[in-house]
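Chain and residue survey
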Amino acid sequence: MRRGERFEGLYFILKGSINVQYKDVEILGDFLDDDDVFGGQCLLRRRSHFDYRAETDVLCLFVPLDELDKLLVKYPEDAELLKIDAKETILELSRIKTI
């Protein structure tokens, strides 16, 4: 997924390692890896805020947006947690100095 691309769903990393960048700056420590989730911050604006690049072979479980929306209606407390996390991530991004 690349920064600015339309959000299509949520990714659960089952195996592998993914580098996360924002405006050419590597962020979030080092990498996302096994059991991490990405794409949640896209819930607010339906666009990716980051560039994601596989550093190893990666196996992900992908939950399409329409299925994710159904789950979030069924479990509104989880929807609220995802939105809070997304807002915190976007706030952190606003503090990153870019190249």
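Residues numbered from 1 in each chain as written. Predicted model: local features only at pLDDT ≥ 70, side-chain atom pairs only at ≥ 80, totals over all residues. Heavy atoms only, no water.

1. Some words on the side chain of Asp51
- In this structure, Asp51 sits in strand β5 (residues 51–54).
- Leave out the neighbours within four places in its chain, and Asp51 touches Met1, Arg2, Arg3, Asn19, Val20 and Gln21. (Helix = DSSP H or I, 4+ residues; strand = E, 2+ residues; numbered from the N terminus. Contact = heavy atoms within 4.5 Å.)

2. Structural notes on the sheet that holds strand β4 (residues 37–38)
- The strand order across the open sheet formed by 3 strands is β4-β1-β6, and the pairing between neighbours is antiparallel. Since the sheet does not close on itself, it has two edges, and those belong to β4 and β6 (59–64), each with one partner.
- Note that strand β1 (residues 9–15) and β4 share 2 bridges and pair antiparallel. By the bridge assignment, Phe12 is partnered in β4 with Val37.
- Strands β1 and β6 of the sheet are contacted by helix α2 (residues 65–74), whose axis makes an angle of about 70° with β6. (Pairing = 2+ DSSP bridges. Axes fitted to C-alpha atoms, helices over the stretch in contact; angles between N-to-C directions.)

3. Points about the confidence of the model for the protein
- Confidence in the prediction for the protein averages 79 pLDDT; 78% of positions are at 70 or higher.
- Averaged pLDDT values over the elements of the protein bottom out at 66 in strand β3 (residues 25–33) and peak at 92 in β6. (pLDDT = per-residue confidence, 0-100.)

4. Describing α2
- Buried residues of α2: Leu65, Leu68 and Leu72, and no others. With its buried residues spanning 55° around the axis, α2 presents them on a single face. Among the exposed residues of α2, those oriented more than 90 degrees off its buried face are Lys70, Val73 and Lys74. (Buried < 20%, exposed > 50% of the residue type's maximum accessible area, 1.4 Å probe, protein only. Arc of directions from axis to C-beta.)

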